[in-house]
Amino acid sequence: MSIPVFDGHNDTLTQIHNAVGEEARNFLERSDRGHVDLPRAREGGMAGGFFAVFTANRGWEREILPVTGPDGAKVPGAWTVPFPPRVARSTALAYTLSVMSDLFRCERAAGGAMEVVRTAGDLERCLADGTFAAVLHIEGVEALDTRLEALDVFFEAGLRSLGPVWSRPNAFGRGVPFDFPRTPDTGPGLTAAGKRLVRACNNLGVMVDLSHLNEAGFWDVARLSQAPLVATHSCAWALAPSPRNLTDRQLDAVRDSGGLAGINFHKGFLRSDGDPKSPASLTEIARHARYVADRIGVEHVALGSDFDGAVMPDDLPDVTALPAVVEALRDAGFGEGDLRLIGTGNWLRVLRATWHG
Ligand code: ZN
């Protein structure tokens, strides 16, 4: 029996928006480019997910630099990636509105096949009747002003989830760099505006995503937020010491809040050596899910693919291979009830507790 999967994170909207020439595609039409479109999502049993809007630094190339030890020698298997420059609010605001428009136009053109969900009731209905359910998410809120006026407007438009930071610093906090190996304890936590943002999200019923936040920021949210703690697309640090992954202490806090960790499919976060260029099987996803479930319980495990934003395992070319991920979870000892929880049940519980309605 197939298990529907609600996905914690994808960069499909942003990828399609930015695609030009040969790479151009339409979410509603089947393509062989990228990881997700509606026909392929249906085939793979993806019931919906969080659709991220992410303002990238135009023209910025990720620079991977070696790490040197105290003796000046290169540390094998270690690297550091400098942050890109900050993004101006005006740039992020214009870009975010543009990509949100893509999503709403897509919803209108889909003729009822997909819906931008705004309540847990919407999500439950979509899961029951097979309507593809998209949650609007902003990854890195450079588009917001620190008085949070734009937040009110975005909320009314349908925003139900945000990550205060992508990895680069902004007015609200600081994210982790893409260094390896490193702990997520990489600097100061949320700014005063970041703390106001968490409270405002609680008041409105907007989920605060902890993926990409550094550890001090994580603990700031843990202290301030009344909602379950959710990291939508992060793996277990104990298995792969990337600062993008969650330490055991962070996982325990997710459990204690009744929250969720969505296992990321990115090879660089799954592999113990952090190398996205070396081979990895989708069984690695099950290995991380098993670890997290054994530590904090299956009620706190979900999937956060990072489709269209990350390097997938070699046997996971796109969303149509999602049933093979479910199969790998089954092989890792998860029963049918567990798989229903990981696929959709845990998300419904957490979003009912987070959203107002
Ligand atoms: Zn991300």
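Throughout what follows, the structure given in this document is the object of discussion. (Residues numbered from 1 in each chain as written. Predicted model: local features only at pLDDT ≥ 70, side-chain atom pairs only at ≥ 80, totals over all residues. Heavy atoms only, no water.)

Counting buried residues in strand S7 (residues 159-163) gives five out of five residues, a clear majority hidden from the surface. Alignment of strand S6 (residues 132-139) against S7, held across four bridges, turns out to be parallel. Within the sheet, the bridge partner assigned to Glu139 lies in S7 and is Gly163. Of the strand pairs in this sheet, S7 and strand S8 (residues 207-208) are connected by two bridges, and their pairing is parallel. Among the inter-strand pairings, Leu162 is bridged to a residue of S8, identified as Val208. (Buried < 20%, exposed > 50% of the residue type's maximum accessible area, 1.4 Å probe, protein only. Helix = DSSP H or I, 4+ residues; strand = E, 2+ residues; numbered from the N terminus. Pairing = 2+ DSSP bridges.)

Looking now at the side chain of Glu215. Locating Glu215 in the fold gives a position in helix H7 (residues 215-224). No salt bridge is formed by the buried Glu215; the nearest opposite charge belongs to Arg249, separated by 4.1 Å. Once residues lying within four places of it in the same chain are set aside, the contact partners of Glu215 are Pro184, Asp185, Thr247, Arg249 and Gln250. (Lys, Arg positive; Asp, Glu negative; His and termini not counted. Salt bridge = Lys/Arg side-chain N within 4 Å of Asp/Glu carboxyl O. Contact = heavy atoms within 4.5 Å.)

Adjacent strands of a sheet pair through backbone hydrogen bonds, lying either parallel or antiparallel. Read across the open sheet, the three strands follow the order S9-S10-S11; overall the sheet is parallel. Bordering the open sheet on either side are strand S9 (230-231) and strand S11 (301-303), each of which pairs with just one other strand. Sheet analysis places S9 next to strand S10 (residues 260-263), joined by two bridges and oriented parallel. Across the sheet, Ala231 pairs through a bridge with Ala261, a residue of S10. In the packing of helix H10 (residues 283-296) onto the sheet, the strands contacted are S10 and S11, and the crossing angle to S10 comes to about 165°. (Axes fitted to C-alpha atoms, helices over the stretch in contact; angles between N-to-C directions.)

Turning to the packing of aromatic side chains, a few remarks are in order. Inspection of every chain in the model, using the stated rule, returns eleven aromatic pairs. Look at Phe27 and Phe51: their rings are 5.7 Å apart centre to centre, the planes differ by 90°, and that puts the pair in the edge-to-face class. Remark: Phe51 occurs in strand S2 (residues 46-53) and Phe27 occurs in the loop between helix H1 (12-18) and helix H2 (38-44); sequence separation between them is 24 residues. Ring centres 5.9 Å apart and planes at 80° place the aromatic pair Phe51 and Phe132 in the edge-to-face group. Placement of the pair is Phe51 in strand S2 and Phe132 in strand S6, with a sequence separation of 81 residues. Taken as a pair, Phe51 and Phe132 share a single burial class, namely buried. Members of the aromatic cluster, each reached through a chain of ring pairs, are Phe6, Phe50 and Trp347. For Arg62, the ring lying beneath its charged end belongs to Phe178, and the centroid distance is 4.3 Å. (Phe/Tyr/Trp six-rings, centres within 6.5 Å; stacked < 30°, edge-to-face > 60°. Lys NZ or Arg CZ within 6 Å of the ring centre and 35° of its normal.)

As for its position among the elements, Arg125 is in helix H4 (residues 120-129). Separated by 45 residues in the primary sequence, Arg125 and Thr80 place their C-alpha atoms 45 Å from one another. A polar contact of 2.9 Å, which involves the side chain of Arg125, links it to the side chain of Glu115. (Polar contact = N/O pair within 3.5 Å; in protein donor to acceptor, adjacent residues only side chain to side chain.)

As for its placement among the helices and strands, Ala88 is situated in the loop between strand S4 (74-80) and helix H3 (89-109). It is 48 Å that separates the C-alpha atoms of Ala88 and Gly335, two residues lying 247 residues apart in sequence.

Turning to helix H11 (residues 322-331), a few remarks are in order. Regarding H11, the residues found buried are Leu322, Val325, Val326, Ala328 and Leu329. Projection of H11 onto a plane perpendicular to its axis shows the buried side chains occupying an angular sector of 155°, all on one side. Contact partners of the buried residues in H11: strand S1 (5-10), H2, S2, H10, S11 and helix H12 (336-354). Downstream of H11 by one or two residues, Gly333 has phi in the positive range, about 100°. (Arc of directions from axis to C-beta.)

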